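Overview (structure and organization)
Spelled out, the chains give:
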Amino acid sequence: MKKVGIVMGSDSDLPIIKKATDTLKELDIPFEVHIYSAHRTPEEAREFSLNARENGFGAIICAAGMAAHLAGAVAANTTLPVIGIPCKSSVLDGMDALLSTVMMPPGIPVATVAINGGANAALLAAQIIAVEDKALADKLDAKRKTAAAAVLEKDKNVLSQL
Ligand code: RP5
């Protein structure tokens, strides 16, 4: 199975990445995690991206806050799908990172999830890997069924709480 690459701009992004790694673990998807910054360690971020395909990755998740150029900088150096997580890490509550991550110019796409959307980033990466992996697609279906059952259980009980 292809690996998911995870790159975060700083160790202060770890709580958001933890949501992604928990989801990948639950789905038995191999992953690798790095702290590379588009601004502080641009050479390392570039090297990782340039070699990601030949190193067995199928998708890359990038998490960064503030002027969040990491996902775009990684996407500039690979044609693997790149998923950006804008992190809430400044006085602007993540709006800065959201706009920096989502507003990519034509030609270099980044699939941007919600601010702090670690779980969805992992699920999207899993869905990308599952295009060629029926067993993983079945696991994703089962996970959705379980989540739907939990909602319907709440639906059954909601009146009694009012
Ligand atoms: C970004 O700046 C990081 O991704 C982080 O979200 C934010 C703040 O970084 P630290 O100052 O906490 O290292 O590059």
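Let me begin by describing the structure that accompanies this report. Treat the numbers as computed from the prediction; the structure is a model and nothing was measured. (Residues numbered from 1 in each chain as written. Predicted model: local features only at pLDDT ≥ 70, side-chain atom pairs only at ≥ 80, totals over all residues. Heavy atoms only, no water.)

What about the pattern of salt bridges?
Rules: Any carboxyl oxygen of Asp or Glu within 4 Å of a side-chain nitrogen of Lys or Arg constitutes a salt bridge here. Helix and strand definitions follow DSSP, with helices as H or I runs of at least four residues and strands as E runs of at least two, each counted in order from the N terminus. Here's how the labels work: a residue is buried when its accessible area is under 20% of the maximum for its type, exposed when over 50%, partly exposed in between, all with a 1.4 Å probe on protein chains only.
Counting across every chain of the model gives six salt bridges. As a salt-bridge pair, Lys3 and Glu32 come within 3.0 Å of each other at their nearest N and O atoms. Highlighted residues: Lys3 in strand 1 (residues 3-8) and Glu32 in strand 2 (residues 31-35), separated in sequence by 29 residues. Overall, Lys3 belongs to the partly exposed group, its relative accessible area being 23%.

Remarks on the pairing of strand 2
Basically, it comes down to this: Pairs of strands are assigned from DSSP output, requiring at least two bridges between the strands. The handedness rule is simple: strands pointing away from the viewer, and a clockwise path from the first strand over the helix to the second, make the crossover right-handed.
Bridge count for strand 1 against strand 2 is five bridges, and the pairing is parallel. Directly across from Ile6, in strand 2, lies its bridge partner Val33. Taken together, strand 1, helix 1 (residues 14-26) and strand 2 constitute a β-α-β crossover, and its handedness is right-handed.

Things to note about the site of the ligand
To keep things clear, this is the line we draw: Here a residue is considered near a molecule or strand provided that any single heavy atom belonging to it is located within 4 Å of it. Each polar contact in these results corresponds to two N or O atoms within 3.5 Å; when the atoms are within protein, one needs to be able to donate a hydrogen and the other to accept it, and residues that are neighboring in sequence are counted only if both atoms are side-chain atoms. Accessible surface is estimated by sampling points in the Shrake-Rupley manner with a 1.4 Å probe; for residues, cover comes only from the protein chains shown. Residue polarity is assigned by list, with Asp, Glu, Lys and Arg as charged and Ala, Val, Leu, Ile, Met, Phe, Trp, Tyr, Cys and Pro as nonpolar; anything else, Gly included, falls into the polar class.
Inspection of the region around the ligand gives Gly9, Ser10, Ser12, Asp13, Arg40, Ala64, Gly65, Met66 and Ser89 as its neighbouring residues. One nitrogen or oxygen atom from the side chain of Asp13 is found 2.6 Å from an oxygen atom belonging to the ligand. Within the contact set of the ligand, an oxygen atom lies 3.0 Å away from a side-chain nitrogen or oxygen of Ser89. About the coverage of the ligand: the protein hides 75% of its 370 Å² of free accessible area. For the shell around the ligand, the residue count by class is two nonpolar, five polar and two charged.

Observations regarding the packing of aromatic side chains
Quick reminder of the rule: Note on aromatic pairs: the rings of Phe, Tyr and Trp (six-membered ring only in Trp) are paired at centre separations within 6.5 Å, and the planes decide the class, stacked below 30 degrees, edge-to-face beyond 60, tilted for the rest. Here, a charge over a ring is recorded when the distance from Lys NZ or Arg CZ to the ring centre is within 6 Å and its angle to the ring normal is within 35 degrees.
For the structure shown, the criterion picks out two aromatic pairs. Here Tyr36 and Phe48 contribute two aromatic rings whose centre-to-centre distance is 6.0 Å and whose plane-to-plane angle is 55 degrees, an arrangement assigned as tilted. In this pair, Tyr36 is assigned in the loop between strand 2 and helix 2 (42-51) and Phe48 in helix 2, connecting sequence segments twelve residues apart. Classification of Tyr36 as buried rests on a relative accessible area of 19%. By relative accessible area, which is 10% here, Phe48 ends up buried. What links up through ring pairs into an aromatic cluster is the set Tyr36, Phe48 and Phe57. Directly above the ring of Phe57 sits Lys3, whose terminal nitrogen or CZ lies 4.3 Å from the centroid.

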